[in-house]
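Secondary and tertiary structure notes
The primary structure of each chain is shown beneath.
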2 protein chains.
Amino acid sequence: MFKGTENVTIVGLGLIGGSVAKALKARSDCKIHAITRGGETMLQCLQSGLFERVSDGSDSESILALSDIVIVCLSPNATKNWIINNAKNISGGAVVTDVCGIKRDLCNDLTEYCSANNLRFVGGHPMAGREVSGFTNSLETLFDRCNYIITPAQNTDSDALETVKSLARVLGAKHITITTPENHDRMIAFTSQLPHVLAGAYMKSSTAPEHKGYSAGSYRDVSRVAPVDEKLWSELFLLNSDNLIDEIDALLYNIAEMKSAILSKDKPQVEKVLREGRIRKQEIDN
Amino acid sequence: MFKGTENVTIVGLGLIGGSVAKALKARSDCKIHAITRGGETMLQCLQSGLFERVSDGSDSESILALSDIVIVCLSPNATKNWIINNAKNISGGAVVTDVCGIKRDLCNDLTEYCSANNLRFVGGHPMAGREVSGFTNSLETLFDRCNYIITPAQNTDSDALETVKSLARVLGAKHITITTPENHDRMIAFTSQLPHVLAGAYMKSSTAPEHKGYSAGSYRDVSRVAPVDEKLWSELFLLNSDNLIDEIDALLYNIAEMKSAILSKDKPQVEKVLREGRIRKQEIDN
């Protein structure tokens, strides 16, 4: 169980890692340690007053040897690599969790791998973000009222699962969803990845540069997530390409249905297509 | 010029007309009159205390005979029909304006028609709305900080144009754009109509009903405008079908570009497509 006094090590101090650190510092008595790349972020971490110790990775063994919980806040491939390279240095029995936006590619493998190294891995995905990145933009309140998805594998330790659930609550999660890595990836293709495909595609209209003075909330909302970190999101898209292609195809089909109704000047059909979208939204969200 | 003490008649007391009435009542000394259908809305108008007189249209002549400004807050076809049927009853020299989301189909014809009836028509489009409709949901603050587009035709009276600009400012507009009906319709296809096509198409994914617990801001934002009034929006789409089809085609092309990059597992290309969207958004909005 999570006591709130553990030694917690955060690996990767970008927007997500920094926000985890700030929330934990403000809302628990955990002793928090940071493992980050050197350079600007390392300086910011040192100056923040949040951490017991800050390591650039070259001397992380002593931090990891006393860690009860390790929260890896890196991109999917970097998360996998970091855990594989560092598992042997982490204190036996420690809970290891991640924050990645895809889960199939990570959770089953890492659960096995960590288990073989006497560690307890639990996949996690806090559904929160900003259109800006880096430790500088991290916020204590980033996860407040968010959905937090936890994806145990078949062999996930139940006490470790409880620990990550408690951690999610301390971070501010409103709703915790427990599901399989497979279902997570299927849902996230629709709720998160598809809107990111759309925002970029929308902004590439040749009309976009002239929008000022002609736009309102609907422009702002559709385009909001266009400023993605393309290194991260290209990785997320390709690690979930089957589900994402399914969602893209469904969207292309549904847009084409409207296009066809408009082209044939078929007002009852345009109304019908709009009505179906309206009713769907109202049924689902009310 | 707009003095703020005129007799103003609002035709159609739905979300937009009701909000115009509430803002004018709070922020000017105009005498406000309502022409509405009978029934519930008429009762609400009578009880609101906003209006000098409320007519169900059967006795609107006496109101129109003393109107300095008539603001028609109906759908495009209803706007056109109402003005054609009532122009002869409106006080000579009065300024007539509308709030429709398409302009080519209305402005040139109505400018001519009104001019022939000694009225001064000026097309207007306040870029504001809500996902709910009707007088009950109208707000004094609906237009605060909005973009307000005004589309004079070649023969539009310049004093009447100034009057509608002043009116827009009193309603709360932050930015007033003066452009042609043709340019308005081209821009609005991108900034407003396309997001409405998208929101409905997005909600029709078979995954949508399961989204709870898996969604965050990007789901909420893309789907926000799905609950459209399909009677109104099908009319708006069909009266601007050429521009809207151009935008739909551009979007389909840009989504297909991402689909193709994902299908070929081409990470540099996925990154490139995302980067182009990011840079476009950052260049335009900063």
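If you're wondering where the values come from, they're calculated on a predicted model, not measured in any experiment. (Residues numbered from 1 in each chain as written. Chains lettered and ligands numbered in written order. Predicted model: local features only at pLDDT ≥ 70, side-chain atom pairs only at ≥ 80, totals over all residues. Heavy atoms only, no water.)

**Digging into the sheet that holds strand 4 (residues 69-72) of chain B**
Residues and elements named next belong to chain B.
- Pairing is mixed in the open sheet, where 8 strands are placed in the order 3-2-1-4-5-6-7-8. Every other strand in the sheet has two partners, leaving strand 3 (53-55) and strand 8 (175-178) as the edge strands with one partner each. Ignoring strand direction, the axes of neighbouring strands in this sheet form an average angle of 20 degrees.
- With 3 bridges joining them, strand 2 (residues 31-35) and strand 3 adopt parallel strand pairing. (Pairing = 2+ DSSP bridges. Helix = DSSP H or I, 4+ residues; strand = E, 2+ residues; numbered from the N terminus. Axes fitted to C-alpha atoms, helices over the stretch in contact; angles between N-to-C directions.)

**Quick look at the sheet that holds strand 5 (residues 95-98) of chain A**
Residues and elements named next belong to chain A.
- The strand order across the open sheet formed by 8 strands is 3-2-1-4-5-6-7-8, and the pairing between neighbours is mixed. The sheet is open, and its two edges are formed by strand 3 (53-55) and strand 8 (175-178), each paired on a single side. Strand-to-strand twist across the sheet, computed as the mean angle between neighbouring axes with direction ignored, equals 20 degrees.
- With respect to the sheet, helix 5 (residues 104-116) is in contact with strand 5, strand 6 (120-126) and strand 7 (147-151), its orientation differing from that of strand 6 by roughly 150 degrees. (Contact = heavy atoms within 4.5 Å.)

**Some thoughts on the environment of Ala26 of chain A**
Residues and elements named next belong to chain A.
- Note on placement: Ala26 falls in helix 1 (residues 15-27).
- Accessibility expressed as a relative area gives 47% for Ala26, which makes it partly exposed.
- Sequence spacing of Ala26 and Glu140 is 114 residues, and the spatial spacing of their C-alpha atoms is 7.5 Å. (Buried < 20%, exposed > 50% of the residue type's maximum accessible area, 1.4 Å probe, protein only.)

**What to know about the pattern of salt bridges**
Residues and elements named next belong to chain A.
- Per the stated rule, a full pass over the model turns up 46 salt bridges over all chains.
- Note that Lys103 and Asp98 form a salt bridge whose closest N and O atoms lie 2.8 Å from each other.
- Among the residues examined, Lys103 registers a relative accessible area of 0% and is labelled buried.
- By relative accessible area, Asp98 is classed as buried at 0%.
- Two residues, Lys272 and Glu276, come together in a salt bridge whose shortest N-O distance is 3.0 Å. With Lys272 and Glu276 both in helix 11 (residues 267-285), this residue pair falls 4 residues apart, about one helical turn.
- Accessibility expressed as a relative area gives 34% for Lys272, which makes it partly exposed. (Salt bridge = Lys/Arg side-chain N within 4 Å of Asp/Glu carboxyl O.)

**Examining the relation of the copies chain B and chain A**
- Superposing chain B onto chain A requires a rotation of 180 degrees together with a translation of 0.0 Å along the rotation axis, leaving an RMSD of 0.0 Å. Considering both components of the superposition, the chain copies are consistent with a two-fold axis.
- Here 100% of the interface residues in chain B have copies in chain A that are interface residues too; the copies meet face to matching face. (Least-squares fit on C-alpha atoms with pLDDT ≥ 70 in both.)

**Topic: the confidence of the model for chain A**
- Of all residues in chain A, 100% attain a pLDDT of 70 or more, and the chain-wide mean is 95.
- Note on the complex model: pTM 0.93, ipTM 0.93. (pLDDT = per-residue confidence, 0-100.)

**Describing the state of the cysteines**
All names here are of chain A.
- In the structure shown here, the tally under the stated rule is 0 disulfides over all chains.
- Cys100 carries a free sulfur, and the closest cysteine sulfur to it, the one in Cys107, is 8.4 Å from it.
- As a non-bridged cysteine, Cys114 has Cys107 as the owner of its nearest cysteine sulfur, 10 Å distant.
- On the basis of relative accessibility, which here comes to 0%, the residue Cys114 falls in the buried class. (Disulfide = S-S within 2.5 Å.)

**Looking at helix 6 (residues 158-171) of chain B**
Residue and element names in this part refer to chain B.
- Between its first and last C-alpha, helix 6 extends 20 Å over 14 residues, near the 20 Å set by a 1.5 Å rise per residue.
- Those residues of helix 6 that sit buried are Ala160, Leu161, Thr163, Val164, Lys165, Ser166, Leu167, Ala168 and Leu171.
- Along its buried surface, helix 6 packs onto helix 1 (15-27), strand 4, strand 5 (95-98), strand 6 (120-126), strand 7 (147-151) and strand 8.
- With a side-chain oxygen lying 3.1 Å from the backbone nitrogen of Asp159, the N-terminal cap of helix 6 falls on Asp157.
- Within two residues after helix 6, Gly172 carries a phi angle of roughly 120 degrees, on the positive side. (Expected span 1.5 Å × (residues − 1). Polar contact = N/O pair within 3.5 Å; in protein donor to acceptor, adjacent residues only side chain to side chain.)

**Quick look at the side chain of His196 of chain B**
- As for its placement among the helices and strands, His196 of chain B is situated in helix 7 (residues 181-203).
- If we skip the residues at most four places from it in the chain, His196 of chain B touches Ser218 of chain A together with Val225, Val228, Trp233 and Phe237 of chain B.

**Concerning the packing of aromatic side chains**
- Tallied over the entire structure, the rule returns 8 aromatic pairs over all chains.
- An angle of 15 degrees between the planes, with centres 4.4 Å apart, marks the rings of Phe190 of chain A and Tyr202 of chain B as stacked. One end of the pair, Phe190 of chain A, is in helix 7 (residues 181-203); the other, Tyr202 of chain B, is in helix 7, on a second chain.
- On the basis of relative accessible area, Phe190 of chain A is assigned to the buried category, the value being 0%.
- On the basis of relative accessibility, which here comes to 0%, the residue Tyr202 of chain B falls in the buried class.
- Each residue in the set Phe190 of chain A together with Tyr202 and Tyr219 of chain B is aromatic and connected to the rest through ring pairs, giving one cluster.
- Lying across the ring of Phe135 of chain A, Lys22 of chain A places its NZ or CZ 5.0 Å from the centre. (Phe/Tyr/Trp six-rings, centres within 6.5 Å; stacked < 30°, edge-to-face > 60°. Lys NZ or Arg CZ within 6 Å of the ring centre and 35° of its normal.)

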